[in-house]
Amino acid sequence: MTAIETIRRDVRICMFDLYGTVVDMQSGLTRAVTPYLKHKGWAGEPSRLVTWWRRTHFENSMIDGLLHREHIPYREIGRISLSYTLERAGITHTQDEVKRLVAEIERLQPFPDAVEALTRLKQKYRLVILSNGDPDMLEAIKPHLGIEFDRIISVAEAGCFKPHAATYRKAAEIMAVRPDQVLFVANHAFDCVGAKASGMRAAFIDRRRRPYGDWPYQPDLTVTDFRELAERLV
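A quick note: this is a predicted structure, and the numbers were derived from the prediction, not measured. (Residues numbered from 1 in each chain as written. Predicted model: local features only at pLDDT ≥ 70, side-chain atom pairs only at ≥ 80, totals over all residues. Heavy atoms only, no water.)

Caption draft 1: Main features of the overall build of the protein. Scanning the protein from terminus to terminus reveals 10 helices and 6 strands. Here the protein has a C-alpha radius of gyration of 18 Å; the compact-globule value for 234 residues is 17 Å, and the two agree. Taking the principal axes of its C-alpha atoms as reference, the protein extends roughly 60 × 40 × 35 Å. Within the protein, buried positions represent 50% of all 234 residues. Long-range pairs, those at least 24 residues apart, make up 62% of the contacts in the protein with a sequence separation of at least 6. Counting every atom, the protein has about 11,300 Å² of accessible surface; 50% of that belongs to carbon and sulfur. Averaging the locations of the 34 positively and 31 negatively charged side chains of the protein gives two centres separated by 2 Å. (Helix = DSSP H or I, 4+ residues; strand = E, 2+ residues; numbered from the N terminus. Rg over C-alpha atoms; globule rule 2.2 N^0.38 Å. Buried < 20%, exposed > 50% of the residue type's maximum accessible area, 1.4 Å probe, protein only. Contact = heavy atoms within 4.5 Å. Areas by Shrake-Rupley, 256 points an atom, 1.4 Å probe, with all protein chains shown as cover. Lys, Arg positive; Asp, Glu negative; His and termini not counted. Charge placed at Lys NZ, Arg CZ, Asp CG, Glu CD.)

Written out as C-alpha cells, the structure reads:
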C-alpha cells in the first residue's frame, strides 16, 4: 500500500503549522516593516531584516525549550528577537515600536492557494492548527484566515515550543486521536521532523524549493503547495 493510500485510509485529521505554512509570514512582515524602516532611514533590504528576525526568533524559541524553565510566550520571544535584530542592524527603536511590529503577526494573510485547498480538504478531514503562537494571538488571527478550522491549538497547552514531542502528543490528546491518525502539514522541515518523531504522519510543503535534509524522519508526502496537497489527498 502506498503512502497516499495509507493516509487516505487511516488519517482523520489534517493538522497544520500556521506561521509560514498557512499564512505568508515572510511577505506579510516585510510589508509591515518596510514603511517603518524607511521612516528610520535604514537603507537595507526589508525582507532580509525579516529573515534575520525570523531566524533569531526560531533560535530563541529553541533556547527557551532547552532551558526547562517556565515557557516564555511567543509574543515575548518575538519582542526579544526583533529588538535584538534592530539593534544588530543599527536601527534605533523603542519597545513600543517593537511590540507594534510583533503584533502584525496577528494580521497575516493566507497564501493565495490555501483557502480553496483547505475547503476541499475539509470535505474529508477535520482541520486543526497547532501553532507556536500564544492563545490570544491565535484568536486574533481567526478573522484573517478565510476558513474556519475545527480547532486551533497553541503549544501553550503543552508548555513548550515545537518541535518538542510534547506539543504534538498534546495536540493528538486534545483531539482524542492516535498520533498516526494525524497528518501534520508544514512548510518547515523541523516541524515535519518533530511530528514524525512523535508518531504522526507528515506532509512537507516544499513551497520554498529547499532540501528537506537527510533526517531519519522523512515526510510521508512532499508537495509544492496546498493545491497539490488537496489534489493528492481528496
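Once you've had a look at it, read on.
Caption draft 2: Up close: the side chain of Ser61. Inspection of the secondary structure puts Ser61 in helix H3 (residues 46–67). Look at Ser61 and you get buried, because its relative accessible area is 4%. In contact with Ser61, not counting residues within four places along its chain, are Ile77 and Phe161.

Caption draft 3: Examining H3 more closely. The terminal C-alpha atoms of H3, which comprises 22 residues, lie 32 Å apart, in line with the 32 Å expected from a rise of 1.5 Å per residue. Those residues of H3 that sit buried are Pro46, Leu49, Val50, Trp53, Thr56, His57, Asn60, Ser61 and Asp64. Buried residues of H3 fall within an arc of 145° about the axis and therefore sit on the same side. Exposed residues on H3 whose side chains face more than 90 degrees from its buried face are Arg48, Arg55 and Leu66. Contacts made by the buried residues of H3 are with helix H2 (25–40), helix H4 (74–88) and helix H5 (95–102). Looking one or two residues past H3, His68 carries a phi angle of roughly 55°, positive in sign. (Expected span 1.5 Å × (residues − 1). Arc of directions from axis to C-beta.)

Caption draft 4: Inspection of the pattern of salt bridges at higher detail. Here the structure, examined in full by the defined rule, presents 17 salt bridges. Put simply, Lys162 and Asp17 hold a salt bridge, and the shortest N to O gap is 3.0 Å. Note that Lys162 is positioned in the loop between strand E3 (151–154) and helix H8 (165–174) and Asp17 in the loop between strand E1 (13–16) and H2, a separation of 145 residues in sequence. When the shortest N-O distance is used, the salt bridge between Arg79 and Glu76 registers 2.7 Å. With Arg79 and Glu76 both in helix H4, this residue pair falls 3 residues apart, about one helical turn. What makes Glu76 partly exposed here is its relative accessible area of 29%. (Salt bridge = Lys/Arg side-chain N within 4 Å of Asp/Glu carboxyl O.)

Caption draft 5: Examining the packing of aromatic side chains more closely. A full pass over the atoms with the stated rule returns 8 aromatic pairs. Residues Tyr168 and Phe184 carry aromatic rings whose centres are separated by 5.4 Å and whose planes lie at 85° to one another, so their mutual orientation is edge-to-face. Of the two residues, Tyr168 sits in helix H8 while Phe184 sits in strand E4 (residues 182–186), which places them 16 residues apart along the sequence. Across the pair, exposure class does not vary: Tyr168 and Phe184 are buried alike. Feature note: the residues Phe16, Phe149 and Phe226 constitute an aromatic cluster, connected by ring pairs. Here the basic side chain of Arg207 rests over the ring of Phe111, its NZ or CZ set 3.9 Å away from the ring centre. (Phe/Tyr/Trp six-rings, centres within 6.5 Å; stacked < 30°, edge-to-face > 60°. Lys NZ or Arg CZ within 6 Å of the ring centre and 35° of its normal.)

By themselves, these observations are geometric and do not establish any function.
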